[in-house]
Amino acid sequence: MKIIITTVAVFALLLTTSIIMGGNRFNHKEENEHEEHEYKSYSSRNLDVAAVNNANYTEECGSCHFAYQPGLLPEKSWLKIMGDLENHFDENAELEVDLQNELTQYLVQNSADKSNYKRSKRIMRSLGRSDAPLRITKTLYFVRKHDEIPYRIVKNTKEIGSFSNCTACHTNAEKGSFNEHDVKIPGYGRWED
Ligand code: HEC
Ligand code: HEC
């Protein structure tokens, strides 16, 4: 009788232990899945540039084209662009003075030379000290990253039209992600490097 009780007790102990251990293993797995989920939901760590966080900017500078993130060009470029909005790539993009000042300040404060995001830093590294390109698409970094895409695809595909049309190919550009896994070229499909 004593032996049976001991056996039952030992068995019960083993069972409890394995439940606790199994539970731990389960919790651990959940933690990993959580991390992976965070990675996929664009935590700032894996963003290429900081997302736009100024509603006036999105409204005014996103009405004709994608609202390019300030971290895609240096301060010098933004000052040149904002100083001549009347002659903006053959368009008149003039703003009321207050708004122009506000948006210039926003662009300058968040420009590529003041950003720690990885693409901003690489864009800066591809420029000479005094370079102030009016286009992101003219920076050496941009040209190098896109030189395998035939220009005729860009030009002849209605949904693209121009390399300046970032969102045509970068499905998560608005979030600040230009990851090559999120690239889908209209009429061409996923980009396999
Ligand atoms: C009235 C329409 C219009 C408005 C408003 C406008 N833009 Fe543009 N922008 C254009 C056009 C057109 C181009 C040239 C696009 C192309 O070549 O495909 C352009 C190009 C640009 C480019 C260069 C893109 C490249 O090729 O790298 C930048 C940067 C830019 N705009 C910034 C701004 C900012 C900042 C504002 C807000 C102050 C603004 N734009 C508002 C029409 C506009
Ligand atoms: C015709 C489609 C297309 C357009 C338009 C386009 N891109 Fe890209 N972009 C690509 C492809 C494809 C790649 C991946 C290149 C490679 O590494 O093979 C890429 C890569 C990039 C990268 C590097 C990402 C990485 O993980 O290495 C950045 C940053 C980027 N693009 C920004 C832009 C910006 C900003 C614009 C708009 C001014 C733009 N792109 C317009 C297709 C496009």
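Everything below is about the structure printed above this text.
Because the structure is predicted, anything quoted here is derived from the model rather than measured.

Q: Hey, could you go over a positive patch on the surface for me, with residue numbers and the actual values?
A: Taken together, Lys118, Lys121, Arg122, Arg125 and Lys145 make up a surface patch of like positive charges. Element by element, the count of residues in the positive patch is highest for helix α5 (residues 118-125), at four residues. With respect to the helices and strands, the residue Arg125 is situated in helix α5. On the basis of relative accessibility, which here comes to 64%, the residue Arg125 falls in the exposed class.

Q: Help me get a handle on the packing of helix α3 (residues 75-82) against helix α4 (residues 97-109), residues and values and all.
A: Packing of α3 against α4 brings their axes to within 9 Å, and their N-to-C directions diverge by 165°. Put simply, α3 runs roughly antiparallel to α4. By crossing handedness, the relation of α3 to α4 is classed as right-handed. Mapping the contact onto sequence places Glu75, Trp78, Leu79 and Met82 in α3 and Gln100, Leu103, Thr104, Leu107 and Val108 in α4.

Q: So what about unusual backbone geometry? Which residues, and what values?
A: For Phe89, which is not glycine, the phi dihedral falls at a positive 45°. Here Phe89 lies in the loop between α3 and α4.

Q: Tell me about the coordination of the iron atom of ligand 1, and please be specific about residues and values.
A: Coordination of the iron atom of ligand 1 by the protein involves His65 (NE2) and His88 (NE2), with metal-donor separations of 2.0 Å. Around the iron atom of ligand 1 sit six donor atoms, and with donor-metal-donor angles ranging over 86 to 179° the site reads as octahedral. Placement of the pair is His65 in the loop between α2 (55-61) and α3 and His88 in the loop between α3 and α4, with a sequence separation of 23 residues. Here His65 falls in the partly exposed class, since its relative accessible area comes to 31%.

The rules behind the values
- Residues numbered from 1 in each chain as written.
- Chains lettered and ligands numbered in written order.
- Predicted model: local features only at pLDDT ≥ 70, side-chain atom pairs only at ≥ 80, totals over all residues.
- Heavy atoms only, no water.
- Patch = residues over 30% accessible without salt bridge, like charges linked within 9 Å, V, L, I, M, F, W, Y side chains within 5 Å.
- Areas by Shrake-Rupley, 256 points an atom, 1.4 Å probe, with all protein chains shown as cover.
- Salt bridge = Lys/Arg side-chain N within 4 Å of Asp/Glu carboxyl O.
- Lys, Arg positive; Asp, Glu negative; His and termini not counted.
- Charge placed at Lys NZ, Arg CZ, Asp CG, Glu CD.
- Helix = DSSP H or I, 4+ residues; strand = E, 2+ residues; numbered from the N terminus.
- Buried < 20%, exposed > 50% of the residue type's maximum accessible area, 1.4 Å probe, protein only.
- Axes fitted to C-alpha atoms, helices over the stretch in contact; angles between N-to-C directions.
- Parallel < 35°, antiparallel > 145°, perpendicular 65-115°, else oblique.
- Left-handed = near helix turned anticlockwise from the far one by under 90°.
- Contact = heavy atoms within 4.5 Å.
- Donors = N, O, S within 2.8 Å, 3.2 Å for Na, K, Ca; no water.
- Tetrahedral: all angles 85-135°; square planar, octahedral: opposite > 155°, others 65-115°.

Shape descriptors only; they carry no functional weight alone.
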